[in-house]
Amino acid sequence: MVTLAQRIEELRIEKGLRRPALAAALHFPKMALEKFETGRQTPSKEQQEQLANFFGVSLFYLRGESND
């Protein structure tokens, strides 16, 4: 099963974005994406919603609970 951390990294890479650029686009702290992608920190519910909306995916997909 894909983890939230893996999914965030996968989606970011597919968009061709670097971590700082994505953090800036979503108004997240500068190091937030590194922490999310390494699993050291879990995004808040609001941050997960922002990420899902930005990438055009469902929360279930973002969390690795679905492949659709």
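Residues numbered from 1 in each chain as written. Predicted model: local features only at pLDDT ≥ 70, side-chain atom pairs only at ≥ 80, totals over all residues. Heavy atoms only, no water.

> I'd like to hear about the overall build of the protein chain, residue by residue, with values.
Broken down by element type, the protein chain carries 5 helices and 0 strands. In sequence order, the protein chain lays out its α and β elements as α-α-α-α-α. For the protein chain, with 68 residues in total, the buried portion stands at 35%. Sequence separation of 24 or more characterises 55% of the internal contacts of the protein chain that already satisfy a separation of 6 or more. Carbon and sulfur atoms make up 50% of the accessible area of the protein chain, which amounts to about 4,300 Å² in all. Side-chain charges in the protein chain split into 10 positive and 9 negative, and the spacing between the mean points of these groups amounts to 7 Å. (Helix = DSSP H or I, 4+ residues; strand = E, 2+ residues; numbered from the N terminus. Buried < 20%, exposed > 50% of the residue type's maximum accessible area, 1.4 Å probe, protein only. Contact = heavy atoms within 4.5 Å. Areas by Shrake-Rupley, 256 points an atom, 1.4 Å probe, with all protein chains shown as cover. Lys, Arg positive; Asp, Glu negative; His and termini not counted. Charge placed at Lys NZ, Arg CZ, Asp CG, Glu CD.)

> Break down the packing of aromatic side chains for me, with residues and values.
Evaluation of the coordinates by the stated rule reveals 2 aromatic pairs. Each ring, one from Phe28 and one from Phe36, has its centre 6.1 Å from the other, and the planes form 80 degrees; the classification is edge-to-face. Taking relative accessible area as the criterion, Phe36 reaches 1% and is therefore assigned buried. With a centroid separation of 5.2 Å and an interplanar angle of 85 degrees, the aromatic rings of Phe54 and Phe55 are classed as edge-to-face. Given the relative accessible area of 9%, Phe55 is considered buried. The ring of Tyr61 has Arg7 sitting right over it, with the charged end atom 3.8 Å from the ring centre. (Phe/Tyr/Trp six-rings, centres within 6.5 Å; stacked < 30°, edge-to-face > 60°. Lys NZ or Arg CZ within 6 Å of the ring centre and 35° of its normal.)

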